[in-house]
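This is what each chain is made of:
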Amino acid sequence: MPAGPRGGRTQLEVVDVRRGMFGVHGSGDTSGFGGLVSPVAMPPASERPYGGWFDEVVDVLVELLEGEGIDPDAAIEKVVVDRGELTIFLSREHLRRVAQWLRDDQDLRFELCLGVSGVHFPNDVDRELHAVYHLLSLTHSRQLRIEVTCPDADPHVPTLVDVYPGNDWHERETWDLIGIVFDGHPSLARTALPDDWVGHPQRKDYPLGGIPVEYKGATVPPPDTRRSYS
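Quantities reported herein were computed from a predicted structural model and do not represent experimental measurements.

Engineer: Would you mind showing me how to read unusual backbone geometry here?
Structural biologist: Both trends apply: most residues other than glycine have a negative phi, and most peptide bonds are in trans. In the segment running from arginine 48 into proline 49, the intervening peptide bond is cis, with an omega of -5°. Although it is not a glycine, arginine 83 sits at a positive phi angle of roughly 55°. For arginine 83, a relative accessible area of 74% gives the class exposed. Even without being a glycine, aspartate 126 presents a positive backbone phi close to 65°. Counting through the fold element by element, aspartate 126 comes out in the loop between strand S5 (112-120) and strand S6 (129-137).

Engineer: What am I meant to see in empty space enclosed by the protein here?
Structural biologist: Any empty space left between the atoms is revealed when a probe the size of a water molecule rolls over them. Using the criterion set out here, one finds 2 cavities of 30 Å³ or more in the structure. Reported here for the largest cavity is a volume of approximately 50 Å³. The wall of the largest cavity is formed by Leu90, Leu95, Val98, Ala99, Leu102, Tyr133, Leu135, Ile146, Leu160 and Tyr164. Elements with a contribution of two residues or more to the lining of the largest cavity: helix H3 (95-104) and S6. Counting residues per element, the lining of the largest cavity draws most heavily on H3, at 4 residues. As a volume, the second largest cavity reaches approximately 30 Å³. For the second largest cavity, the full set of lining residues is Glu13, Met42, Lys78, Phe89, Asp124, Arg127 and His130. Of the residues assigned to the lining of the second largest cavity, the class counts are 2 nonpolar, 1 polar and 4 charged.

Engineer: Sorry, what's going on with the packing of aromatic side chains here?
Structural biologist: The geometry of an aromatic ring pair is captured by the separation of the ring centres together with the interplanar angle, meaning the angle of the planes. A full pass over the atoms with the stated rule returns 2 aromatic pairs. Both rings, one in tryptophan 53 and one in phenylalanine 54, keep their centres 4.6 Å apart while their planes meet at 85°; by these two values the pair is edge-to-face. Residues tryptophan 53 and phenylalanine 110 carry aromatic rings whose centres are separated by 6.5 Å and whose planes lie at 45° to one another, so their mutual orientation is tilted. You can see tryptophan 53 sitting in the loop between strand S2 (37-42) and helix H1 (54-67) and its partner phenylalanine 110 sitting in the loop between H3 and S5, a full 57 residues away along the chain. In this structure an aromatic cluster arises from ring pairing among Trp53, Phe54 and Phe110. Cation over ring: arginine 172 sits above tryptophan 169, and NZ or CZ is 4.4 Å from the ring centre. Between arginine 190 and the ring centre of tryptophan 175, over which it is positioned, the NZ or CZ distance is 5.1 Å.

Engineer: How should the nonpolar core be read in this particular structure?
Structural biologist: Soluble globular proteins tend to pack their nonpolar side chains together in the buried interior. In terms of nonpolar packing, the biggest core is built from 38 residues, with Ile88, Leu102, Tyr133 and Ile146 touching the most fellow members. Mapped by element, the contributors of at least two residues to this core are H1, strand S3 (76-82), strand S4 (85-90), H3, S5, S6 and strand S7 (142-150). Broken down by element, this core gets its largest block of residues, 6 residues, from H1.

Engineer: I would appreciate a short explanation of the packing of H1 against H3 in the present structure.
Structural biologist: For any two helices packed against each other, the geometry comes down to the angle between their axes and how far apart the axes lie. At a minimum axis separation of 11 Å, H1 and H3 run at an interaxial angle of 125°. Here H1 lies oblique to H3, going by the angle between them. Crossing geometry of H1 relative to H3 is assigned as right-handed. Packed against H1, whose contacting residues are Leu61, Leu64 and Leu65, the element H3 presents Val98, Trp101 and Leu102 at the interface. Taken together, the residues that form the contact of H1 with H3 break down as 6 nonpolar, no polar and no charged.

The rules behind the values
As a convention, each chain's residues are numbered from 1 in the sequence order in which they are written. It should be noted that, the model being predicted, local features are given only for residues of pLDDT at least 70 and side-chain atom pairs only at 80 or more, the latter also being counted only at that level, while totals for whole chains, interfaces and linings use all residues. In computing side-chain properties, one takes all heavy atoms of the structure into account and sets aside hydrogens as well as water. The cut-offs for exposure are 20% and 50% of the maximum accessible area for each residue type, with area from a 1.4 Å probe on protein chains only; residues under the lower value are buried, those over the upper are exposed, and the others partly exposed. Only DSSP runs of H or I with at least four residues qualify as helices, and only runs of E with at least two residues qualify as strands; both kinds are numbered from the N terminus onward. Both cavities and pockets are sets of points on a 1 Å grid over the protein atoms alone; in a cavity a 1.4 Å probe fits but cannot get out, in a pocket the set is open with protein on both sides within 12 Å along at least five of seven lines, and lining residues sit with an atom within 4 Å of a point. Grid points are joined across faces, edges and corners, and a volume is the space filled by probe spheres set on the points. Three residue categories are used. Nonpolar comprises Ala, Val, Leu, Ile, Met, Phe, Trp, Tyr, Cys and Pro, charged comprises Asp, Glu, Lys and Arg, and polar comprises the others, including Gly. Aromatic pairs are defined between Phe, Tyr and Trp rings, using the six-membered ring for Trp, whenever the two ring centres lie within 6.5 Å; interplanar angles under 30 degrees are classed as stacked, those over 60 as edge-to-face, and all others as tilted. Only lysine NZ and arginine CZ atoms are considered, and such an atom sits over a ring when it is within 6 Å of the ring centre and within 35 degrees of the ring normal. Grouping buried Ala, Val, Leu, Ile, Met, Phe, Trp, Tyr and Cys residues that are joined through side-chain atoms within 4.5 Å yields what is termed a nonpolar core. In this analysis an axis means a line fitted to C-alpha atoms, helices contributing only their contacting stretch, and an angle means the value between N-to-C directions, from 0 to 180 degrees. Reported orientations rely on four angle classes, namely roughly parallel under 35 degrees, roughly antiparallel over 145, roughly perpendicular from 65 to 115, and oblique for the rest. In this scheme, a crossing is called left-handed if the near helix is turned counterclockwise away from the far one by less than a right angle; it is called right-handed if the turn is clockwise. It only takes one pair of heavy atoms within 4.5 Å for two residues to be counted as in contact.

Take it as geometry only, folks, not as evidence of what the structure does.
Right under this line is the structure:
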């Protein structure tokens, strides 16, 4: 738990507990650190004032949302300031509209999106899949992170290719490896894996495979089935 602004303690949102070096279950931790216990936690919403230019950006977004008749509390799930960085969690329904404002509004001008990456939290119920966007304002020399979530059962997020064309291959790779479907993408196809591949290998629940070796038909077993040295 990080120190709060007045020396208090802020309770984190724990979504999982990882045991051992690699988080494997059963007898597969071959690292010798099977006794490690590490919570997987999300930073909580920050309280105002956020500091610096962070308040200005959030205020502009709130003003734009209200101008369109959108409840800001419905569009902005939470604002997090952690380690000197600003992250705005958005509902996926409003992602594309907010991205346009972030790019075009004169007080925002985040002209460049550095791509999107996916993260899988299997125990973050109804929010298992996270899409994370890093934005850069060349005009104001600022960096911002946008994050949206969707459930495993409905892994859909609107594409931002028409707003940030450079996201084309990033969205394809995120779908390929994590399984987030970017609705409206012009050609959502695999990039790293064959077209007939089943599943998305960077998900935490994807089965770990063995490795064939070149002598006597031997195989190095998957990590989660090896002998434990803890």
